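# Architecture and fold: a report
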Amino acid sequence: MSAPKKLFIKTYGCQMNVYDSERMAEALAVSGYARTETQDDADLILLNTCHIREKASEKVFSELGRLRALKDERPDLKVGVAGCVAQAEGDEIMRRAPVVDLVVGPQSYHRLPAMEEAVQKGARAIDTDFPAEDKFTVLAGRPKAARGPTAFLTVQEGCDKFCAFCVVPYTRGAEVSRPADRILREAQELAASGVREITLLGQNVNAYHGHPGGLAGLVEALSGIEGLDRLRYTTSHPNDMDDALIAAHGNQPKLMPYLHLPVQSGSDRILKAMNRKHTADQYLALVERLRAARPDLLLSSDFIVGFPGETEAEFEETLALIRTVGFGAAYSFKYSPRPGTPAAERPALPDEVADDRLQRLQSLITAQQHAAQEAMIGREVEVLFEKPGRMPGQLTGKSGHLHPVHVTTDQLRVGDIARVRITGSGPNSLSGVATIPA
Ligand code: SAH
Ligand code: SF4
Ligand code: F3S
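Now for a description of the structure that goes with this document. (Residues numbered from 1 in each chain as written. Chains lettered and ligands numbered in written order. Predicted model: local features only at pLDDT ≥ 70, side-chain atom pairs only at ≥ 80, totals over all residues. Heavy atoms only, no water.)

### Things to note about helix H2 (residues 54–73)
End to end, H2 covers 30 Å across 20 residues, agreeing with the expected 28 Å (1.5 Å per residue, within 8%). Three or more residues of H2 are buried, namely Ala 56, Ser 57, Val 60, Phe 61, Glu 63, Leu 64, Leu 67, Leu 70 and Lys 71. Taken end-on, H2 shows its buried residues confined to a sector of 170°, consistent with a single buried face. In H2, the exposed positions angled more than 90 degrees off the buried face are occupied by Lys 55, Arg 66, Arg 68, Asp 72 and Glu 73. (Helix = DSSP H or I, 4+ residues; strand = E, 2+ residues; numbered from the N terminus. Expected span 1.5 Å × (residues − 1). Buried < 20%, exposed > 50% of the residue type's maximum accessible area, 1.4 Å probe, protein only. Arc of directions from axis to C-beta.)

Laid out in structure tokens, this is it:
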């Protein structure tokens, strides 16, 4: 057999793209590709791209510029663009960037082997369909490769919410849920490969309806898989948090006490302009119900500052909401107008105003993050170790609350879950001492 061809995938954007990159690599394994960690020895380079903000999209074109130089040196190199920029701007990429041999959207990458074959014969290939067939049915089962102890598993794709600022409904299409039996099979395959924690993914994961009991039903079914100890899910929309899922946070011990529940803004007027379809008070009431089910639940959120028309008073309502909730972490973004979205038609705020608000919001969030970390000092938590730490003899893992935890130990290995007493808190992580292996 000839030596395998090498595939390098550069992944941008969200966790869904990380998962898709793995599945693309598995699809191309059938065509004789092995994944490589550098572009230097690659025969095929795929950029799995993100369209969410202007900066994310621009990265693709500057990367393509660099790849043009590389291809001048190695004319046999093939270059592909996948993901959300491919979906949104595929035709333009084909027109503007002759370096690109193939463009494939997030719903059609099961067709990559055929596209690759065409490319090898000298063609250029583009496929940004939302095909009728489900890509996950066409793709084979997950190979029995040794894996790290954590994995992503996409259970739901697409979004019907049409928030006024967001490209996802256009790049990922309508909401679709994968059938529960296939997800269970994939989770079993992952557990058999050494995975102990699965994060269920969806653009609106709690809109999942591939199980009669919704996402809560799926979590319960997955909890029965032996060797699978921890479950998480992301990203949720506040309006899709149903009673059963809220209750699951109290009655499903494998469901970890951390929830990413983006609210975007604390101003009712801005929430309405964003088409989020809930108020700040409704969000706060939801947080209360979740904390009643699971008192130590740690919450995180996404925020957009400088949305068109946002006043100083409205921004301060966002700060007030943050103070009321007390988040364990949060991601905050300066509003970026995206072509084709309704908000892009509205006049933008001056950059300095948005920059200033972003900075103020981030310092509040950082303070809350540190407070949440410091509250862990002296407590004993369970940590799943994911990789060696930066210092010799150190292991790094995550607590149930998703805090990175460093422990110096010669008793434990990657993949172990152990009880750890937290002794210190750094800028973005905790340190501790292992007590009894669990
Ligand atoms: N489905 C998820 C998040 C998808 S995108 C949800 O509904 O919350 C991830 C985050 O990017 C969003 O939560 C939002 O905060 C941010 N985002 C999306 N579009 C944006 C835009 N045009 N400008 C700035 N931030 C944006
Ligand atoms: Fe985008 Fe809103 Fe859908 Fe999230 S819910 S993916 S922010 S449109
Ligand atoms: Fe980006 Fe697409 Fe994810 S736009 S955030 S890669 S769904």
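### What about the site of ligand 3?
Around ligand 3, a shell composed of Cys 14, Asn 17, Thr 49, Cys 50, His 51, Ile 52, Cys 84, Arg 172 and Gln 203 is seen. Residues of the shell around ligand 3, tallied by class, amount to 4 nonpolar, 4 polar and 1 charged. (Near = heavy atom within 4 Å. Nonpolar A, V, L, I, M, F, W, Y, C, P; charged D, E, K, R; others polar.)

### Quick look at the site of ligand 2
Taken together, Cys 159, Lys 161, Phe 162, Cys 163, Phe 165, Cys 166, Val 168, Pro 169, Asn 204, His 237 and Arg 276 make up all the residues around ligand 2. Residues of the shell around ligand 2, tallied by class, amount to 7 nonpolar, 2 polar and 2 charged.

### Details of the sheet that holds strand E6 (residues 125–127)
The sheet built from 6 strands is open, its strands ordered E2-E1-E3-E4-E5-E6 with parallel pairing. Across the chains shown, the open sheet's two edge strands, defined by having one partner strand only, are strand E2 (33–35) and E6. In this sheet, adjacent strand axes meet at a mean angle of 20° when their direction is disregarded. Bridge analysis of strand E1 (residues 5–11) against strand E3 (residues 44–49) gives 5 bridges, and the strand direction is parallel. Following the sheet pairing, Lys 10 is matched in E3 by Leu 47. Across the sheet, H2 lies against E1, E3 and strand E4 (78–82), angled at about 175° from E3, the strand it touches most. In this fold helix H3 (residues 83–96) packs onto E3, E4, strand E5 (102–104) and E6, with an angle of close to 140° to the strand it touches most, E5. (Pairing = 2+ DSSP bridges. Axes fitted to C-alpha atoms, helices over the stretch in contact; angles between N-to-C directions. Contact = heavy atoms within 4.5 Å.)

### Structural notes on the sheet that holds strand E10 (residues 197–201)
The strand order across the open sheet built from 3 strands is E7-E10-E11, with neighbouring strands paired in parallel fashion. Sheet topology places strand E7 (150–154) and strand E11 (230–234) at the edges, where each strand pairs with a single neighbour. Going across the sheet, the axis of each strand differs from the next one's by a mean of 25°, ignoring polarity. Strand direction decides the pairing type here: E7 and E10, joined by 5 bridges, are parallel. Pairing of Ala 151 across the sheet is with Ile 198, part of E10. Helix H1 (residues 15–29) rests against E7, E10 and E11 of the sheet, and its axis sits at about 95° to E7.

By themselves, these are just geometric observations and shouldn't be taken as functional.
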